[in-house]
Amino acid sequence: MHGAGNDFVVIDAISQAIDFTHAQWKQIADRRFGVGADQMLVVEATRLPNVDFRYRIYNADGGEVEQCGNGARAFARFVNEKGLSDKRAIRVETLAGVIEPMLEADGGVTVDMGAPILQPSLVPFDANGLSATAQGEDTLWPLEINGRTLRFSVLSMGNPHAVQIVADAEQAPVATDGPVIEHHPRFPKRVNAGFMQIVDRNNIRLRVYERGAGETLACGTGACAAAVAGIRQGLLDSPVTVQTRGGVLVIAWNGENQAVKMTGPAVTVFEGEIEI
């Protein structure tokens with residue numbers, strides 16, 4: 001499946017037992033020796049009351065992560081198409097908390113991603129000793145990246161993000177700066193690096209170097225984080241249309257302590273079997 005080009009292997013772990021090793025997840029993600037995917041998504045039964053499913057996410061490097069926004073839309077489409085649920089809106093348990101995807105009449109999927117986490121220590125981000133700059137309601141943190149001091153908005157959408165504004169997203173040094181940002185020692189759990197170009201007050205272009213996956217064609221939580229950062233800095237108004245290399249996402253956010261709503265596509269490409 002894919003959501004705006006961010007592609008997934010989705011596995012039903014309700015009707016079959018799944019217990020893969022770190023190496024096996026990496027093999028599935030390999031585009032030459034496996035199936036090929038940015039992330040693997042696992043549909044499991046939940047033990048939580050008033051929740052429909054458990055949603056687990058493994059990056060292409062084999063590591064389990066807390067959240068994947070584009071994957072949440074694929075998850076909702078998958079359980080509907082497979083007859084695992086007949087609900088248009090479901091409640092899904094993740095490592096980052098409960099999210100609420102909803103199938104729209106036009107075929108898109110809207111996900112209530114919850115409120116952004118803005119306190120640096122909870123992202124987590126080590127801000128000790130740094131001299132921050134205020135920008136609107138946001139705080140920009142200076143980091144040394146490849147010999148340059150760059151300023152970032154740091155927040156979590158259930159997973160950590162560092163968002164910077166660039167003049168031209170297509171020309172941004174994603175391949176060189178992305179891995180340095182991802183592994184910066186100020187982020188103890190690593191970080192997703194967003195490169196945001198502001199087109200106007202309701203439109204941005206975005207590229208994201210994802211933690212554990214590299215640059216992907218779209219990143220749902222990255223789109224949410226970029227929109228929140230731009231709105232807090234006084235540069236954007238909700239809703240924000242996010243143009244990624246793989247397609248368009250629409251992000252709505254009404255301010256601090258409010259949930260971020262993300263709407264975009266979720267498409268089934270093919271089904272198959274693998275021996276592993």
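Bear in mind that the values here come from a model prediction, so they are computed numbers and not experimental data. (Residues numbered from 1 in each chain as written. Predicted model: local features only at pLDDT ≥ 70, side-chain atom pairs only at ≥ 80, totals over all residues. Heavy atoms only, no water.)

### Thoughts on the nonpolar core
Okay, so step 1: Counting residues in hydrophobic clusters, the biggest one holds 51 residues, and the most contacted among them are Tyr55, Phe75, Val242, Ile251 and Val260.
Okay, so step 2: By residue number, the principal contributor to this core is helix α4 (residues 220-232), which donates 8 residues.
Okay, so step 3: Ignoring sequence-local partners within four residues, the contact set of Tyr55 consists of Leu41, Val42, Gln67, Cys68, Gly71, Ala72, Phe75, Val92, Glu93, Thr94 and Ile99.
Okay, so step 4: By size, the runner-up hydrophobic cluster in this structure holds 19 residues, among which are Leu143, Ile145, Val174 and Phe195. (Core = buried A, V, L, I, M, F, W, Y, C linked by side-chain atoms within 4.5 Å. Buried < 20%, exposed > 50% of the residue type's maximum accessible area, 1.4 Å probe, protein only. Helix = DSSP H or I, 4+ residues; strand = E, 2+ residues; numbered from the N terminus. Contact = heavy atoms within 4.5 Å.)

### Brief notes about helix α2 (residues 69-81)
Okay, so step 1: Along its 13 residues, α2 runs 19 Å from first to last C-alpha, staying within 8% of the 18 Å computed at 1.5 Å per residue.
Okay, so step 2: Of all 13 residues in α2, 11 are buried; the element is thus mostly enclosed.
Okay, so step 3: For α2, every residue scored as buried is listed here: Gly69, Asn70, Gly71, Ala72, Arg73, Ala74, Phe75, Ala76, Arg77, Phe78 and Val79.
Okay, so step 4: The positive-phi residue at the C-terminal boundary of α2 is Gly83, with phi of around 75°. (Expected span 1.5 Å × (residues − 1).)

### Topic: the pattern of salt bridges
Side-chain pairing between opposite charges can occur once the charged atoms of the two side chains come close.
Okay, so step 1: Summed over all chains, the structure comprises 19 salt bridges.
Okay, so step 2: For Arg56, the salt bridge is made with Glu64, and the minimal N-O distance between the two is 2.9 Å.
Okay, so step 3: Residue Glu64 is classed as partly exposed on the basis of its relative accessible area, which comes to 34%.
Okay, so step 4: Counted as one network, the salt bridges with shared partners bring together Glu44, Arg54, Arg56, Glu64 and Glu93. (Salt bridge = Lys/Arg side-chain N within 4 Å of Asp/Glu carboxyl O.)

### Some words on the environment of Ala37
Okay, so step 1: By the secondary structure assignment, Ala37 is in the loop between α1 (22-29) and β3 (39-44).
Okay, so step 2: Since its relative accessible area comes to 2%, Ala37 is described here as buried.
Okay, so step 3: Separated by 22 residues in the primary sequence, Ala37 and Asn59 place their C-alpha atoms 8.5 Å from one another.
Okay, so step 4: Excluding its chain neighbours within four sequence positions, the residues that come into contact with Ala37 are Asp7, Phe8, Val9, Ala29, Arg31 and Ala60.

### Considering the packing of aromatic side chains
Okay, so step 1: Scanning the model with the defined rule gives 6 aromatic pairs in all.
Okay, so step 2: Judged by centre distance (5.9 Å) and plane angle (70°), the rings of Phe53 and Phe75 are edge-to-face. Separated by 22 residues along the polypeptide, Phe53 in strand β4 (residues 53-59) and Phe75 in helix α2 bring together distant segments of the chain. For the residue pair Phe53 and Phe75, the accessibility class agrees, reading buried in each case.
Okay, so step 3: These aromatic residues form a ring-pair network of at least three members: Phe20, Trp25 and Tyr58. (Phe/Tyr/Trp six-rings, centres within 6.5 Å; stacked < 30°, edge-to-face > 60°.)

### A few points about the side chain of Thr94
Okay, so step 1: With respect to the secondary-structure elements, Thr94 resides in strand β6 (residues 92-94).
Okay, so step 2: Using a relative accessible area of 8% as the deciding quantity, one classes Thr94 as buried.
Okay, so step 3: Polar side-chain contacts of Thr94 include one of 3.0 Å to the backbone nitrogen of Ala96.
Okay, so step 4: Once residues lying within four places of it in the same chain are set aside, the contact partners of Thr94 are Tyr55, Glu66, Gln67 and Ile99. (Polar contact = N/O pair within 3.5 Å; in protein donor to acceptor, adjacent residues only side chain to side chain.)

### Points about the pairing of strand β11 (residues 148-156)
Okay, so step 1: Relative to β11, strand β10 (residues 138-145) runs antiparallel, the two being bridged by 6 bridges. Each bridged residue has a counterpart across the sheet, and for Trp141 the counterpart in β11 is Phe152.
Okay, so step 2: Count of turn residues in the β10/β11 antiparallel hairpin: 2 residues, of which Asn146 carries a positive phi of about 50°.
Okay, so step 3: When β11 meets strand β12 (residues 160-165), the two strands line up antiparallel, connected through 4 bridges. (Pairing = 2+ DSSP bridges.)

### Side note on α4
Okay, so step 1: The end-to-end C-alpha separation of α4 is 18 Å, in line with the 18 Å expected for 13 residues at 1.5 Å each.
Okay, so step 2: Of all 13 residues in α4, 13 are buried, a share of seventy percent or more.
Okay, so step 3: Backbone geometry just downstream of α4 places Gly234 in the positive-phi region, at approximately 80°.

Nothing here speaks to function; it is all geometry.
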